[in-house]
Structures are given as C-alpha cells and as structure tokens.
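Examining the three-dimensional arrangement
Now for the letters of each chain:
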Amino acid sequence: MAAHRLRQSVGRLFAMGPELGSGRRAFSAFQAFTEVLRLPSKQLTKLVFPLEELHEHFVPGSRPDLHLNIFHPSLEDIARAESFFTASARNRIEYLTSAVRLDHAPDLHRPEGHTKKLNFYKVGKYFTLVDMPGYGYRAPEDFVDMVETYLKERKNLMRTFLLVDSVVGIQKADNIAIEMCEEFALPYVMVLTKIDKPSKGHLLKQVLQIQKFVDTKTQGCFPQLFPVSAMTYSGIHLLRCFIADITGNLKTTGF
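Residues numbered from 1 in each chain as written. Predicted model: local features only at pLDDT ≥ 70, side-chain atom pairs only at ≥ 80, totals over all residues. Heavy atoms only, no water.

If you look the protein chain up in an unreviewed UniProt entry, it shows as GTP-binding protein 8 isoform X6 from Bos indicus.

Have a look at this one:
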C-alpha cells in the first residue's frame, strides 16, 4: 500500500527526534498524546482539530460548510494512530529507496538502486509514503513525464496528498497537480500548510476560497481540508490518523 504526496518532506509526519522538536514550536515532534489530552479544551481543539477551531471564528448563523464531520475520529482513535508513526525497534520508519523513472520504482520486498527523484519511506510493515518532487517553476525538467506515468500506472496508490501553502492559496502551479489528479481520476486530499504564518483573518479567507474551489471545481478531491503547521504541530495528529485509516491499518469511527 502506498500514500503519496506532491510536495515537501514526509519527515513532518514522523516522530523521529530533534529535527521536528524546536523551542519555537508549541510541542516537540512527538508529544505523548496522553499529554495532549491534558490540555484545556480550546488548546486541544486548536492542536488536534484546527479546522474546527477556525470554524468557530465565523459568525454563528452564517458559518460555511467546511465538511468538518466527514472525517472526525475520536481522540482514542487518534491516540492509537500515533503508534504507526512512532519509530521503535519493532516499528522501523526508514528511507527505502529513490526512483527516477517508473521502472525504477521499488518492489517493496526488493528495493533496488539509488536515484534521486521519487523518495520512498517505509512505515513499519504498514504502508509506504512517497515524497514526490515539487511542481511549477522549480520542477525537474522531466517532472510531467515522470510523475504522470507514476500516478497513472502505480496500482497500489491509495491517496495523493497535495500540499497547498495557506499563505498564498492555490496558485497556477498547483493546478498542474490538480489537473493531473482529476484527469487520472485519482483520489486526493488538500493539505493546507503553514497555518501558523498568516493572520487569522487571512487564513479564514484562504480556507473559504480553497473550500469553494474544492466544492465547485473538483471531483476527486476529498471534501474536507486538512490544515497543518509543522511549527506548532497543529493538525498533524489528525492527518496521521487519516493516513492510518485510509491505508486500512486502523479502523476508526472517523467516517
């Protein structure tokens, strides 16, 4: 099974030490979820369910439909999902291999070669995350041929995660990935990154615009947005739980 992304590092999802633990963040890379559960209600909601917290800022009676309850697992489900993303002697999370072309993509039982375009990370015995190259003006010259072929022909692709910068919203370059997913009828999810950077008002505006885009311009996109911050760790626990669920490794009450 594989869950795929079109931007940024898969390291943001893992609890693997100091890289993700900084004094600038509200929590270290892996704050024991039992500690998270001790937070006051408003802080817990902001950390675990950021979209729900944002929704509360809209005027009652005129709040938009942000599809909050399409995936809304219990706190117990989220706590269980953490185990998949916590590296241990019995649950190794490791770089597997890379690939330049589709014919270099690994058989997960027999990794081969060293290349530098598609990076594969094996999460224990459960699933594989693939970090795909960026798109737009910084994309590799062969981006379209390589990524289109991979997305179209990889049979065990479970979900594609499209990371959208919440500061600037959906840009022309983002449409390359969106059109690709729509053309190939791939199920995909929009993850809004850097939600700690914009003002609350600007973030609410971007959420509204992106939600409208998803509702009116897409067919294969999961209706619910996943806002996250790698700095405060907001939304990461929920996204992990979603991945554990859609890869069939965790049966939750979320859907």
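**Digging into the overall build of the protein chain**
In terms of regular secondary structure, the protein chain is built from eight helices and seven strands. Burial status across the protein chain gives 51% buried among its 255 residues. Long-range pairs, those at least 24 residues apart, make up 68% of the contacts in the protein chain between residues at least 6 apart in sequence. When the accessible area of the protein chain is evaluated, it comes to approximately 12,600 Å², of which 52% is carbon and sulfur surface. (Helix = DSSP H or I, 4+ residues; strand = E, 2+ residues; numbered from the N terminus. Buried < 20%, exposed > 50% of the residue type's maximum accessible area, 1.4 Å probe, protein only. Contact = heavy atoms within 4.5 Å. Areas by Shrake-Rupley, 256 points an atom, 1.4 Å probe, with all protein chains shown as cover.)

**Quick notes on the side chain of T247**
Mapped onto the fold, T247 is located in the segment after α8 (236-246). By relative accessible area, T247 is classed as buried at 1%. Within the structure, the side chain of T247 is placed 2.7 Å from the backbone oxygen of I243, a separation counted as a polar contact. (Polar contact = N/O pair within 3.5 Å; in protein donor to acceptor, adjacent residues only side chain to side chain.)

**Focus: helix α7 (residues 200-217)**
Compared with an ideal rise of 1.5 Å per residue, which puts 18 residues at 26 Å, α7 spans 25 Å between its outermost C-alpha atoms and is within 8% of the ideal. Residues of α7 that are buried: L203, L204, Q206, V207, I210, Q211, F213 and V214. Close packing links the buried residues of α7 with α3 (50-55), β5 (157-165), α6 (172-183) and β6 (188-193). (Expected span 1.5 Å × (residues − 1).)

**Notes on the pattern of salt bridges**
In total, this model carries six salt bridges according to the counting rule given. Ionic pairing is found between R80 and D77, a salt bridge with its closest N-O pair at 2.7 Å. With R80 and D77 both in helix α4 (residues 75-81) and three residues apart, this pair spans about one turn of that helix. Judged by relative accessible area, R80 falls into the partly exposed class, the value being 41%. The exposure class of D77 is buried, given its relative accessible area of 4%. Among the salt bridges present, the one from R240 reaches E82, with a minimum N-O distance of 2.4 Å. Of the two residues, R240 is situated in helix α8 and E82 in the loop between α4 and β2 (93-99); the sequence distance between them amounts to 158 residues. Judged on exposure class, the residue R240 and its partner E82 are both buried. (Salt bridge = Lys/Arg side-chain N within 4 Å of Asp/Glu carboxyl O.)

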